[in-house]
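# Descriptive structure summary
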There are 4 protein chains.
Amino acid sequence: MTHKIAILGASGYTGAELVRLIATHPSLSIAALSADRKAGMEMAEVFPHLRHLDLPTLVTIDEIDFSDIDLCFCALPHKTSQEVIAKLLPKTLKIVDLSADFRLRDPEAYKTWYGNDHAALDMQGEAVYGLTEFYRDDIAKARLVAGTGCNAATGQFALRPLIAGGVIDLDDIILDLKVGVSGAGRSLKENLLHAELSEGSNAYAIGGTHRHLGEFDQEFSAISGRSVKVQFTPHLVPMNRGILATVYVKGDAAEIHATLAEAYSDEPFIEVLPFGQAPSTHETRGSNFVHIGVTGDRIEGRAIVIAALDNLTKGSSGQALQNANLMLGLEETEGLMMAPLFP
Amino acid sequence: MTHKIAILGASGYTGAELVRLIATHPSLSIAALSADRKAGMEMAEVFPHLRHLDLPTLVTIDEIDFSDIDLCFCALPHKTSQEVIAKLLPKTLKIVDLSADFRLRDPEAYKTWYGNDHAALDMQGEAVYGLTEFYRDDIAKARLVAGTGCNAATGQFALRPLIAGGVIDLDDIILDLKVGVSGAGRSLKENLLHAELSEGSNAYAIGGTHRHLGEFDQEFSAISGRSVKVQFTPHLVPMNRGILATVYVKGDAAEIHATLAEAYSDEPFIEVLPFGQAPSTHETRGSNFVHIGVTGDRIEGRAIVIAALDNLTKGSSGQALQNANLMLGLEETEGLMMAPLFP
Amino acid sequence: MTHKIAILGASGYTGAELVRLIATHPSLSIAALSADRKAGMEMAEVFPHLRHLDLPTLVTIDEIDFSDIDLCFCALPHKTSQEVIAKLLPKTLKIVDLSADFRLRDPEAYKTWYGNDHAALDMQGEAVYGLTEFYRDDIAKARLVAGTGCNAATGQFALRPLIAGGVIDLDDIILDLKVGVSGAGRSLKENLLHAELSEGSNAYAIGGTHRHLGEFDQEFSAISGRSVKVQFTPHLVPMNRGILATVYVKGDAAEIHATLAEAYSDEPFIEVLPFGQAPSTHETRGSNFVHIGVTGDRIEGRAIVIAALDNLTKGSSGQALQNANLMLGLEETEGLMMAPLFP
Amino acid sequence: MTHKIAILGASGYTGAELVRLIATHPSLSIAALSADRKAGMEMAEVFPHLRHLDLPTLVTIDEIDFSDIDLCFCALPHKTSQEVIAKLLPKTLKIVDLSADFRLRDPEAYKTWYGNDHAALDMQGEAVYGLTEFYRDDIAKARLVAGTGCNAATGQFALRPLIAGGVIDLDDIILDLKVGVSGAGRSLKENLLHAELSEGSNAYAIGGTHRHLGEFDQEFSAISGRSVKVQFTPHLVPMNRGILATVYVKGDAAEIHATLAEAYSDEPFIEVLPFGQAPSTHETRGSNFVHIGVTGDRIEGRAIVIAALDNLTKGSSGQALQNANLMLGLEETEGLMMAPLFP
């Protein structure tokens, strides 16, 4: 049986990535694609790499007949997404939202990090946080799933079992992230130009200002039952896909490794490397896999946990599809087992 | 039914690409992997991006029991391949060879371009040239198929229908190729280092010295029934995958476009763009697709034909799998319909 | 003695490159910098790599007192430049214009390629074409020098002596250019984003539509005394700086090499490589040098001439400074002998 | 007056960088270049970007007449350098050594980090640590100066004034470095190939195993008068030049910024950015400048100090030339004021 899928915001990178993944998914077919400013165009014009596919023409959201749709991915900008979901989509439609709009359960936290009141407060409570490996059962039953931030996902894969297991100091956690440029989307900014971004590296959103900290705060505090605040500094690196999270923690490195290995032993997408080995974003590109490595330090009682994933796949559209599989009663891994692209 | 596959030379890029593709192929399973110098190692050590797969340990070729194998891919170095195939492999084994060893049917031409006598002259005659779209029927019946050169494939996709159709001047064909670095394999050379190759471009094998010219000569002369010699200059460009062939021809641009569009109208992997549009290697990366565009020039009677593909996929391992599908009686496109990776 | 310099349009790449070069020039000092939309800002805010320099604050053009200026570089957008020069700048001011506005001497040709009537027809005649090595004496006496197109410069370095010497067929010249992205300036376009441009290559302005063809037509026809039309196709390559011009010509390769070697034997910035060697853009990056190589082809009577330079330096701002040196009576090479940056 | 310079090990990246810098240095001339395995070749063959220079032919070290040399740069591999300096060079020759051989004053520390006994123990004591800004006077009087590690230099620029000023917690310092690939030299390793290094990022020498920690230990302990051990994890990033050191410290961010601003207020090559701004390796490429930024964190009492420089220039050959200037009685900045190359 084939489920009919709509993708709103199909002209951005996460929209295109959803199309790429669904193109070879055996149980899903794309029934509608929206892109407000590019309505009327074919996907082959917006993303020529998809020209071999027989896809519906891009339309505006209100042109879509949702009665025919089994599940809708919203790959819309932040803030737009909550408005569309609140006002334009049927209240019974299964939705995976890839924006930041439903990640934070607390309206105050939402307002603090995003600067505005939420336009769909009731749904904010209904939404399930979409980190599949930790919210699997709730996601399977959910109507609305909120895709996580890509940085937030990477950091949580490294840290959640450690916080839950009580094996690290909760007051001294530093995440230094190396982030690929596609995370910034298809936005026209000088610092994203090839001439300015290639061949160099720099930090941004330094000092605790990145919005994904809202997710870390919410999730880590919920796990530990106390307030946990981490340091998190992202760095722009000249790569298109990939996040490498280098996480500095205090605890016993062997215990940390054992805790992660145990926590993820049955996970189809998470690979914990042998102790002392380190992952690379090269080795997860284009796939839904996460690689995690643990190393001790010469200073006793410290460890370095490194997690790598592809921000557009496991960090965003792949995660969304993994969640959609659960919501539709399909095998969680369906259409997601493609190997990384290397070199 | 699952066919058992062996890959010889699994520690190189084309070997790894075969594993990537077969990993999600519904009808093939990998039964043996060889890598002489790395025998005893796991693929996860040689190519960590494949660590999620349950693969056989790397062995030497003579450790493989070929009685159990339905088809063998040889991703060995040139010259080694002919020796292995002649001496070590069963004479009844279906083989797709990715080396240059069986591409040239004429022993003299082989010697001219490769500098040595061929070690398996009898098989040289038996081998079918592996450009699937043009040798489909022979390949389906073949025991030994010779994968084409990646540059040779790209140029032929642009030119074969034009030569066959008699719509271009055969004495004035110039191919200017922009080639991704993975085409050079995993070889340790100064000019392939990131520090030396990134951020710049240069030509190599200039003036008619590149070995893939042997394939152009053989094929174009066979099609036209006369000697055809093209000019061909490859350029190294800082991209890992991809070949862009800019082909300068003399003929009527509209007729050239119509000829290509007609020739490829039923091909699942070849997309001829609307007249005046140009392809990009970005839009074929990681896929088995070929994009071809035709533009006229301000000088009447001239046209520019541009073809783009991924050298490791359609130019090599994807083509090999497409041929294997035919040889095993499977659907030609099986396991090969993944969309390109963009960005 | 120090000459006072103004740079109009200092917030673009060619403006910044002029500042970089003049920073260590012994006889020039920067007295004024304009950038209309960024007036009031410091250069360190617009280009932090220049923060160590003590530079004037950015102003609007009408805030500059030109009575104090010895020479003015106009690094303004096309069309704006002619208006500014015609209306705002003193008629006696020495000007090196880096825009396209004064490159074409024939008003009709200008209108054909640029689509509008020229706003400063009288000056169009006065301007000297700024290809220093070929207009040296005129430039030294000129008040207004028109910097050449960067692609146009590269192609002319390869071809001018060959056309002048009558050693190639004038009816069959093909220029295939590989162009670095900084040539597009600091413009916000999707195809210039790192995510879209890196890791791939494509042609643009195919078929004789690139405006620099106007310069080729003008110059090559003037040299040969007849109409000469070349084919020219630029390709975007993931490198920030550099143009590699692969030029396909018909003629005797040895004679072609000898002609170029002879023509440039005394030129400080032009290196003709030994016969059979090929240049690389890696080897001219950040410098004012041009490297030229000649190779024969297996097809008799054909040759490949390849020229490499840095589009922002020799192709634009370095050329402009070389011309300014002449116009100010300084040594032509002053401040321009820095070696290329490699790796 | 012109001083005569020899460069030993001229066929590596730091050797070529020395030639690049000296090429436009007004008071130095290159009298001898050695490269054992490439003796007899011209520099233009080894590094074609230097082909415009009139340089001596590469020779073996014993072919050089050092009586004629005023100062010698040793850009030889580690361990080779100490042997050459001890056995082949005159005891009175001024030497700037770019290897690791004379950085550690304590023979035991040397043995711990480098694994072998030192071959020139007496000179190890004589050598002055070459971090110019902090050893200026000693360097001016020294015969033998030991160039610092490039990572070690970057970290020290961020931390020395803070440790000296007592404004940070000495027991909780974490350095997360993003390192350009030229730091690995011209070595032929799979992970340095363009195909494997571009488009991704990974950590290496994790957990306190990188040799530059020996320099941090030595210097930071000397400044503070107690043992100081930092955490330091380098990451390979797809850029050719540049080191970005993100340093996590505990202390008052404003005080930290003031301390750095004050310490470097008169330094010609060190730019401390306004509080809250962050540097980028893009903005130091090809230059001898260091950019340093300080930001506070949302967690009180923590700060992030980020330093950026070019590993081949300020991190190695530029530093070496800065030291040579002092040793020869020249202006420290002579030949080193070129602006960074951007884009």
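Residues numbered from 1 in each chain as written. Chains lettered and ligands numbered in written order. Predicted model: local features only at pLDDT ≥ 70, side-chain atom pairs only at ≥ 80, totals over all residues. Heavy atoms only, no water.

A separate point is the relation of the copies chain A and chain D. Placing chain A over chain D gives an RMSD of 0.0 Å and needs a rotation angle of 180°, together with 0.0 Å of translation along the axis. The transformation relating the two chain copies, once decomposed into turn and shift, fits a two-fold axis. Identified as the residue of chain A closest to the rotation axis by C-alpha distance is Pro 238 of chain A, at 3.1 Å. Both copies present the same face, since 100% of the interface residues in chain A are matched by interface residues at the equivalent positions in chain D. (Least-squares fit on C-alpha atoms with pLDDT ≥ 70 in both. Contact = heavy atoms within 4.5 Å.)

On to the domain arrangement of chain A, then. Residues and elements named next belong to chain A. When cut into domains, chain A gives domain 1 (3-148 + 314-327) and domain 2 (151-310). One C-alpha centre belongs to domain 1, the other to domain 2, and the line joining them spans 25 Å. Every contact between the two is made by 25 residues of domain 1 and, on the other side, 33 residues of domain 2. Contact with domain 2 buries area across many residues of domain 1, yet Tyr 13, Trp 113 and Lys 314 alone supply 31% of it, more than any other trio. Counting the contacts that link domain 1 with domain 2 gives four salt bridges. Here Arg 105 makes a salt bridge to Glu 219, at a shortest N to O gap of 3.3 Å. Joining domain 1 to domain 2, the criterion identifies 16 residue pairs in polar contact (both at pLDDT 80 or more). The set of elements that each furnish at least two residues to the side of domain 1 that touches domain 2 consists of α1 (13-23), α4 (107-114), α6 (132-141) and α11 (313-327). Sorting elements by how many residues they give to the side of domain 1 that touches domain 2 places α11 first, with five residues. Across the side of domain 1 that touches domain 2, the residue classes tally to ten nonpolar, six polar and nine charged. (Domains from an automatic or database assignment. Buried area = accessible area lost by both parts, 1.4 Å probe. Salt bridge = Lys/Arg side-chain N within 4 Å of Asp/Glu carboxyl O. Polar contact = N/O pair within 3.5 Å; in protein donor to acceptor, adjacent residues only side chain to side chain. Helix = DSSP H or I, 4+ residues; strand = E, 2+ residues; numbered from the N terminus. Nonpolar A, V, L, I, M, F, W, Y, C, P; charged D, E, K, R; others polar.)

Each side of the interface is counted separately: chain C has 18 residues, and chain A has 18 residues. Carbon and sulfur atoms supply 54% of the area that chain C and chain A bury against each other, a total of about 1700 Å² over both sides. On the chain C side of the interface with chain A, the three residues burying the most area are Leu 188, Leu 193 and His 194 of chain C, jointly 39% of the side's total. In this structure, the connection of chain C to chain A is made through six salt bridges.

When chain C is fitted to chain A, the best match, at an RMSD of 0.0 Å, comes from turning it 180° and sliding it 0.0 Å along the axis. With an isologous cut-off of 70% or more, the 100% of interface residues of chain C that recur at the interface of chain A puts this contact in the isologous class.

Time to look at unusual backbone geometry. A cis amide bond, omega -5°, links Phe 342 of chain A with the succeeding residue Pro 343 of chain A. Within the secondary structure, Pro 343 of chain A sits in the segment after α11. In this model, Lys 79 of chain A sits at a positive phi of 80°, which is unusual for a non-glycine residue. Among the secondary structure elements, Lys 79 of chain A is positioned in the loop between β4 (71-74) and α3 (80-87). Within the chain, Glu 199 of chain D stands out as a residue other than glycine whose phi angle is a positive 65°.

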